[in-house]
Each structure stands twice: as C-alpha cells, then as structure tokens.
Amino acid sequence: TQAPVNVTVTGAAGQIGYALLFRIASGQLLGPDTPVRLRLLEIPQAVKAAEGTALELEDGAFPLLAGTDIFDDAKQAFSGANVALLVGARPRTKGMERGDLLEANGGIFKPQGEAINAGAADDIKVLVVGNPANTNALIAQAHAPDVPADRFTAMTRLDHNRALAQLSKKLGVPVSEIKKLAIWGNHSATQYPDIFHAEVAGKNAAEAVNDEAWLSDTFIPTVAKRGAAIIEARGASSAASAASAAIDHVYTWVNGTPEGDWTSAAVVSDGSYGVPEGLISSFPVTARDGKYEIVQGLEINEFSRTRIDASVQELIEERDAVKKLGLI
Ligand code: NDP
C-alpha cells in the first residue's frame, strides 16, 4: 500500500477550510487510492477551532485519512508537505488601502514560502487560494528559490467553473458539453473569462452565443462579480464552491486534463501572450505528468486583447507594489 501523501492546509479553521478538509479526507483531492495525512496550519488564536475540526475529521472515519496534525508554526506545518493549500490570508477590511493589504499578506506568505523552501518534499505542489491570490503566490514563490517556480500556482478554477455554469445556462447545454473555456489574468474583478475558443457540443461557443452585448454586459460581469452576489444572498462569502474548485485544481494537476480540453489556472508566465515572464497569471492550461502547461498558439482577438491586457496590468501593479515594499 502507498504511503500517505502529506497535505498542508493553512487557514484550516476558516470557512473554506471547513468545507475543504472533508473533501480531502474522503479522497477527492488525489483520488480514491491515495491515503492522505493532513497538516493544518492556523494562527495561535484559531488553533482550538482547528482542533475541533480535527475531532470531526476523526468522526468521519475516513478510510483514506492517515491522521491530522495541527501547527501554529509554518516550518513545522510544511515539513514534508507534498501538497500545500494556502487558504489563510488577511482579508481586506474597511478603510484598508491596497498597500496595507499587500503588506499584511506579505507578512504571511513570505515566511510560508521560506518554510516551503526549507522543508517541503521534493515534489511539492502549492495552490494559493487566499486573496490577493496571484500576488500572494508570487510572494511565496520569491522566497522559495530552491523550489521550481512552476510548483507555485493560484486559483482561478472557481472563476472557470462559474463561467462554465453561466454559459451552460445561457445555451441550455450541460456543463459537460462545454470545452476549452479560459480565464485570463488576475483572480479579481478584472479577470477575463474567454469563450472565443470554447466549444459547445463541438461548435464554437462565441458563435453559438452570437451576442456580444451579452458577453460584455452580462456574462463577464456576472462571472467576475459572482463573489459579491454570493455574499449578498448568503450573508457570507462563498466557501464550499471555493473549496470545490481547490479540489478540482489539485486533482487536475495530479491526474491531468482530458484529451481535447483544457482548464484555467494561474501559473508562472513564461512570457506567452505578452504576459510578462514571472508574473503569476491565469491562462488556459493543460495538465500532463503532474505539470500544468500554458496552451500555446491561440489567436487573441481585439475584444480579448484589451481585457487580458487590463487584468495583466493590474498584476504588474500589484507586483510593483510588493517589490516596493521589499516583499519580493
Ligand atoms: P475563508 O476561509 O472564507 O477565506 C480564506 C481566504 O480565501 C480569503 O483570503 C478569501 O479571500 C480567499 N478566497 C479566495 N477565493 C475565494 C472565494 N471564491 N470565496 C471566498 N473566499 C475566497 O476565510 P475565513 O476568515 O473563514 O478563514 C480564514 C482562516 O485563515 C482563519 O481561520 C484565520 O485564522 C486563518 N489564517 C491563517 C493563517 C495562517 O495559517 N498562517 C494566516 C491568516 C489567516 P477574500 O477575503 O478576498 O474573500
């Protein structure tokens, strides 16, 4: 039998953590044959709550869960980690400037990058969920010089899934019939969900929709502002859907994308599509042999170009701001 895979989850006592941990323990992160050991990281004042979740995990009697350990120290939590889900982050509070937000998160993601560099397993895969996810991932990556940069990713899979759902409703087809959708840029309101390469039951999705006004005035803002709509309806931010997308992101990374399809993830840019090298930006990606790769050679029309550039510009500004703060 296989040795358990060490999965480190930060912010484990939070909302997303609560939904995520049970999915991991049940085998949905890595597959039904892979045992997992959970390593939970929390800030000291949330350790007790994490311990409560660990009791519930025990009560799940999950056959694949080899154990749960709780830490308030990053070095210990990431020691031997094969997969790291960085969920805990400093949320933006009223009156907080963007610089303050980036600085507060730098204080979290810099030591986590260092801890990953110092003690994670050689095959470590990192997914950053905590916002601002792309730039938090960049900070962590900058402090892990001994880890290949492509092991650091940020989540845009929820945006991808939201786009799939909206397009499915518009065209009255099941999500399973939609292929090759793409999210570009930052996981923020500037993100660009692109349907120009998407296929619906074998036909081009943009042609099937044939309604540019719907694209720019309904589809794009609905996907980009879905988080706010959930808060409005639920009285709390999305959690189970974010956890579900994190599961999808890692599962695909490990198990690959199906032939003839791709997904979306924020990965380190190699300069493709005019996205500056080194930025962690969302692209259409395939996964094979445990690696995400940017889909190459897509034609980008004017409509898409403007929107991709705007989102990438925001990433450049975030990068420059954290550089100025000495965080990268
Ligand atoms: P959540 O579990 O709801 O969210 C965690 C992070 O995920 C936030 O940064 C949130 O960003 C982000 N996120 C990304 N995508 C989404 C999405 N689609 N919907 C909602 N959130 C999304 O936060 P909680 O406050 O419930 O829990 C956070 C936990 O993290 C706390 O228990 C806290 O103690 C812990 N923490 C741990 C740290 C550590 O381990 N070192 C450091 C800091 C905090 P946004 O705020 O923009 O919604």
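Keep in mind it's a predicted model, so treat the numbers as computed, not measured. (Residues numbered from 1 in each chain as written. Predicted model: local features only at pLDDT ≥ 70, side-chain atom pairs only at ≥ 80, totals over all residues. Heavy atoms only, no water.)

1. Thoughts on the pattern of salt bridges
Throughout the structure, instances matching the rule amount to 8 salt bridges. Between Lys110 and Glu114 there is a salt bridge, with the nearest N and O atoms lying 3.9 Å from each other. Of this pair, Lys110 and Glu114 both sit in helix α4 (residues 98-119), 4 residues apart, roughly one helical turn. Among the ionic pairs, Arg319 bridges to Asp320, the shortest N-O distance being 3.4 Å. Accessibility expressed as a relative area gives 36% for Asp320, which makes it partly exposed. One network of salt bridges, in which partners are shared, links Asp150, Arg151 and Lys291. (Salt bridge = Lys/Arg side-chain N within 4 Å of Asp/Glu carboxyl O. Helix = DSSP H or I, 4+ residues; strand = E, 2+ residues; numbered from the N terminus. Buried < 20%, exposed > 50% of the residue type's maximum accessible area, 1.4 Å probe, protein only.)

2. A closer look at the UniProt feature "binding site: substrate" (unreviewed entry) in the protein chain
Per the UniProt entry, the sites bearing "binding site: substrate" (unreviewed entry) are Arg92, Arg98, Asn131 and Arg162 in this numbering. Spanning 71 residues, the named residues are also spread out in space, since their farthest C-alpha pair is 25.8 Å apart. Residue position: Asn131 is located in the loop between β5 (125-128) and α5 (133-142). Of the residues examined, Asn131 reaches a relative accessible area of 39% and is grouped as partly exposed. Apart from residues lying up to four places away in sequence, Asn131 is in contact with Ala89, Arg90, Asn105, Asn136 and His187. Among the secondary structure elements, Arg162 is positioned in helix α6 (residues 157-171). Those residues in contact with Arg162 that sit more than four places away from it in its chain are Val223, Arg226, Gly227, Ile230 and Ser238. (UniProt positions renumbered as here; feature names shortened; annotations may be inferred. Contact = heavy atoms within 4.5 Å.)

3. Thoughts on the confidence of the model for the protein chain
Residues with a pLDDT of 70 or more make up 100% of the protein chain, whose mean pLDDT is 97. The ipTM for the predicted assembly is 0.94, set against a pTM of 0.97. (pLDDT = per-residue confidence, 0-100.)

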